[in-house]
Amino acid sequence: MNLETVWREEDGKRLAATVWRAGPGHRMISSAMLGGGIGPAGWVLNAQVPGAYSRTDPVAHLTELAALYGLEGAGVGMLTAASVARTMRRDDAGVRASATVGLRVPTWAASPAGTPDPELAPLDGTPRSARTPGTINIVVAVPVPLSDAALVNAVVTATEAKTQALLEAGFPCTGTASDAVCVAAASGGAAEEVFAGPRSTWGARIARAVHAAVHAGAVDYTRYLETRG
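Draft legend 1. Main features of unusual backbone geometry. The backbone of Asp11 sits at a positive phi, close to 55 degrees, despite the residue not being glycine. Among the structural elements, Asp11 can be located in the loop between β1 (3-10) and β2 (13-20).

Structure below.
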């Protein structure tokens, strides 16, 4: 997974994005707004937006950005207000993972009904423009074909590894309310793997790569907060 870091000027800010031009021969599963679901895809875009992001057409925005970076055909696009320039990359026996980690609002997945969502309301009256950004976006590349079931299993494994990494890094949460994930597997050639749980061969590699990338990102985020005083 050869990630390129590219830059653009938007609303007076210099913003980074990572681009993976995977090319043909990949099937991807993703929870991303652009290109989500399961299907063939040839690229992945993870674009940073301002902390005060207020556009209500993120899919159209991602489509514009894909065109800006020369990305054509089917692909996956994600947005984050976290620093994409601080993306962490880790490999494990052929599996490659990248994670952009922002933890402005660490969140437990299961919260009582009716609990206010701090992602949608000001925190203690703090303007959105002054807040520390959040969201964890994960991209995983697997060099072997995975069945549909194994792709779903890979997302579960990556999510479990993410949560383990966050807890071990000292963040009492399962993630944030806006996390996204993309798992890309090779297509064609060898027979499809039918398992991707954490104790399967490729699932274990996915878990270790994602865990390492997210843990590094969470530790880096802690340092970032310390520098802000």
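Read on for the rest.
Draft legend 2. Expanded view of the packing of aromatic side chains. For the structure on display, the rule yields two aromatic pairs. The structure contains a cluster of three or more aromatic residues connected by ring pairs, namely Phe171, Tyr221 and Tyr224. Above the face of the Trp7 ring, Arg14 is positioned so that its terminal group lies 4.1 Å from the ring centre. Between the NZ or CZ atom of Arg205 and the centre of the ring of Trp202, over which it lies, the distance is 4.4 Å.

Draft legend 3. Structural detail: the confidence of the model for the protein. Looking at the protein, pLDDT values average 91 and 92% of them are 70 or higher. Within the model, the stretch residues 122-132 combines pLDDT values under 50 with 20 contacts to residues more than four positions away or in other chains.

Draft legend 4. Inspection of the nonpolar core at higher detail. Ranked by internal contacts, the top residues of the largest apolar core, which has 35 residues, are Leu103, Val140, Val183 and Val210. When contributions to this core are tallied by element, the ones reaching two or more residues are β8 (95-102), β9 (135-142), α2 (148-168), β10 (180-186) and α3 (201-227). When residues of this core are assigned to their parent elements, the largest contribution, nine residues, is made by α3. Val140 has contacts with Val95, Arg96, Ala97, Cys182, Val183, Ala184, Ile206 and Val210, leaving out every residue within four places of it along the chain. If you look at the next biggest cluster of nonpolar residues, it comprises 16 residues, including Leu34, Trp43, Tyr53 and Leu65.

Draft legend 5. Structural detail: the packing of α2 against α3. At a minimum axis separation of 8 Å, α2 and α3 run at an interaxial angle of 35 degrees. You can see that α2 and α3 cross each other, and the crossing is right-handed. Every residue of α3 that contacts α2 at Ala154, Thr157, Ala158, Ala161, Lys162, Gln164, Ala165, Leu166 and Glu168 is listed here: Gly203, Ile206, Ala207, Val210, His211, Val214, His215 and Ala218. Here the residues of the contact of α2 with α3 are counted per class, giving ten nonpolar, five polar and two charged.

Draft legend 6. Here's a closer look at the sheet that holds β1. Ordered in space as β1-β2-β5-β6, the four strands form an open sheet in which the pairing is mixed. Edge positions in the sheet fall to β1 and β6 (76-80), since each of these pairs with one other strand and no more. Taking each pair of neighbouring strands and ignoring which way they run, the sheet shows an average axis angle of 20 degrees. Note that β2 and strand β5 (residues 44-48) share four bridges and pair antiparallel. For Thr18, the partnering residue across the bridge sits in β5 and is Asn46.

Draft legend 7. Looking closely at the pairing of β5. Within β5, five of the five residues are buried, which leaves the element mostly enclosed by the surrounding structure. Residues Val44, Asn46 and Gln48 line one face of β5 and the alternating positions Leu45 and Ala47 line the opposite face, and both faces are buried. Inspection of the sheet shows β5 paired to β6 by five bridges, in the parallel sense. Note on β6: the bridge partner recorded for Ala47 is Leu79. One crossover worth recording links β5 to the parallel β6 by way of helix α1 (residues 58-68), and it is right-handed.

What counts as what
- Residues numbered from 1 in each chain as written.
- Predicted model: local features only at pLDDT ≥ 70, side-chain atom pairs only at ≥ 80, totals over all residues.
- Heavy atoms only, no water.
- Helix = DSSP H or I, 4+ residues; strand = E, 2+ residues; numbered from the N terminus.
- Phe/Tyr/Trp six-rings, centres within 6.5 Å; stacked < 30°, edge-to-face > 60°.
- Lys NZ or Arg CZ within 6 Å of the ring centre and 35° of its normal.
- pLDDT = per-residue confidence, 0-100.
- Contact = heavy atoms within 4.5 Å.
- Core = buried A, V, L, I, M, F, W, Y, C linked by side-chain atoms within 4.5 Å.
- Buried < 20%, exposed > 50% of the residue type's maximum accessible area, 1.4 Å probe, protein only.
- Axes fitted to C-alpha atoms, helices over the stretch in contact; angles between N-to-C directions.
- Left-handed = near helix turned anticlockwise from the far one by under 90°.
- Nonpolar A, V, L, I, M, F, W, Y, C, P; charged D, E, K, R; others polar.
- Pairing = 2+ DSSP bridges.
- Right-handed = clockwise from strand over helix to strand, strands pointing away.

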